[in-house]
Every structure is written in C-alpha cells, then in structure tokens.
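If you want the building blocks of each chain, they are given just below.
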Amino acid sequence: QVRLVESGGGLVQVGDSLRLSCTASESTISNYVMGWFRQAPGKEREFVIGITRSGSRTNIAESVKGRFTMSRDDANNTVYLQMNSLKPEDTAVYFCAADRDNFFVFTREKEYDVWGQGTQVTVSS
C-alpha cells in the first residue's frame, strides 16, 4: 500500500507563498485520486483541493479558490500544493491523501484510503 510523506510546511508571513509536496513511496500514485486536507487548531479536518488521476481536473474549496493550486508529477510519485497570498486563516496542519477507488475528486474524508502524517503551515500577521 502506498505511503505518503508531506514536506514543505513552515512559518510564513501574510501574503507569502508556499509549496507543499507529497511523495508516495513503495507504490505509484498514478492510480489514485489525490487530495489535500487541512486541520486548524480546535477545528475539524476539511477538504482543500484534489486532483483526478489524469490531472485534468481539480476540485477546490471556496476558501482557497484563486489562491491555491494542485498539480501532480506521477513520474516522481509526487503531488504539489501551491499556496499563494496566504492568510492567517490558512494556518493548519496540511494532510495529503490518496483515493484508490474513485475517478472523481470527492471532498469527504472517508473516500480517501491513505493519509500522510501532515505538515504544519503557520501564517503570521
């Protein structure tokens, strides 16, 4: 089963950009719909953005639309989350997730079979 490892988190200022990476080991991600979720302190984990297996379509939360994009590099078993114009409310632990059963991007956590350990993103004002 694929294992996911996120990287790229850190402390940034309001308006900065940050790119997160999620690399899969021991398997290929080309057969998975991939998604990013986040969990802020004291809140439930929420869907951020996801990408289909082909990379042709993404599903994105309204709160990050126009600021966040997602891409995939199947040759390197890696997906990326590009975050621009960061706001304090983007502060959260960001999780990468893989869905092996679906072709479309779903926003529900239960659709995703494999999760990374998360990476902290803190946006300071």
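Located above this text is the structure these notes cover.
In this convention, every chain numbers its residues from 1, walking through the sequence in written order. A pLDDT threshold of at least 70 governs which residues receive local features in this predicted model, and a stricter bar of 80 or more applies before side-chain atom pairs are shown or counted, although totals over entire chains, interfaces and linings include all residues. In computing side-chain values, all of the structure's heavy atoms are included and hydrogens and water are not.

A. Structural detail: the side chain of threonine 91. For threonine 91, the location among the structural elements is in the loop between strand E8 (78-83) and strand E9 (92-99). Polar contact is defined as a pair of N or O atoms within 3.5 Å, subject to the rule that within protein one atom must be able to donate a hydrogen and the other to accept it, and that residues adjacent in sequence are counted only when both atoms are side-chain atoms. A polar contact is formed between the side chain of threonine 91 and the backbone oxygen of proline 88, at a distance of 2.9 Å. Apart from the residues within four sequence positions on either side, threonine 91 is in contact with Ala40, Pro41, Gln120, Val121, Thr122 and Val123. Secondary structure elements are taken from DSSP: a helix is a run of H or I of four residues or more, a strand is a run of E of two residues or more, and numbering for both begins at the N terminus. Residue contacts follow a heavy-atom distance rule, with two residues in contact if any of their heavy atoms lie within 4.5 Å.

B. Structural context of the sheet that holds strand E3 (residues 18-25). The sheet built from four strands is open, its strands ordered E1-E3-E8-E7 with antiparallel pairing. Where the open sheet ends on each side, the last strands, each with one partner, are strand E1 (3-7) and strand E7 (68-73). Strand-to-strand twist of the sheet, defined as the mean angle between neighbouring strand axes without regard to direction, takes the value 20 degrees. In the sheet, E1 pairs with E3 via five bridges, with the strands oriented antiparallel. Considered in E3, the bridge of valine 5 is made with threonine 23. Strands were regarded as paired on the criterion that DSSP finds at least two bridges between them. A fitted line through C-alpha atoms serves as each axis, taken over the contacting stretch for helices, and the angle formed by two N-to-C directions is quoted from 0 to 180°.

C. The arrangement of the state of the cysteines in detail. Any cysteine sulfur atom paired with another within 2.5 Å is treated as part of a disulfide. Under the defined criterion, the tally for this structure stands at one disulfide. Across a sulfur-sulfur distance of 2.1 Å, cysteine 22 and cysteine 96 are joined as a disulfide pair. Between cysteine 22 and cysteine 96, the S-S torsion sits near -80 degrees, and that sign places the bridge as left-handed. With a gap of 74 residues between them, cysteine 22 in strand E3 and cysteine 96 in strand E9 connect regions that are remote in the sequence.

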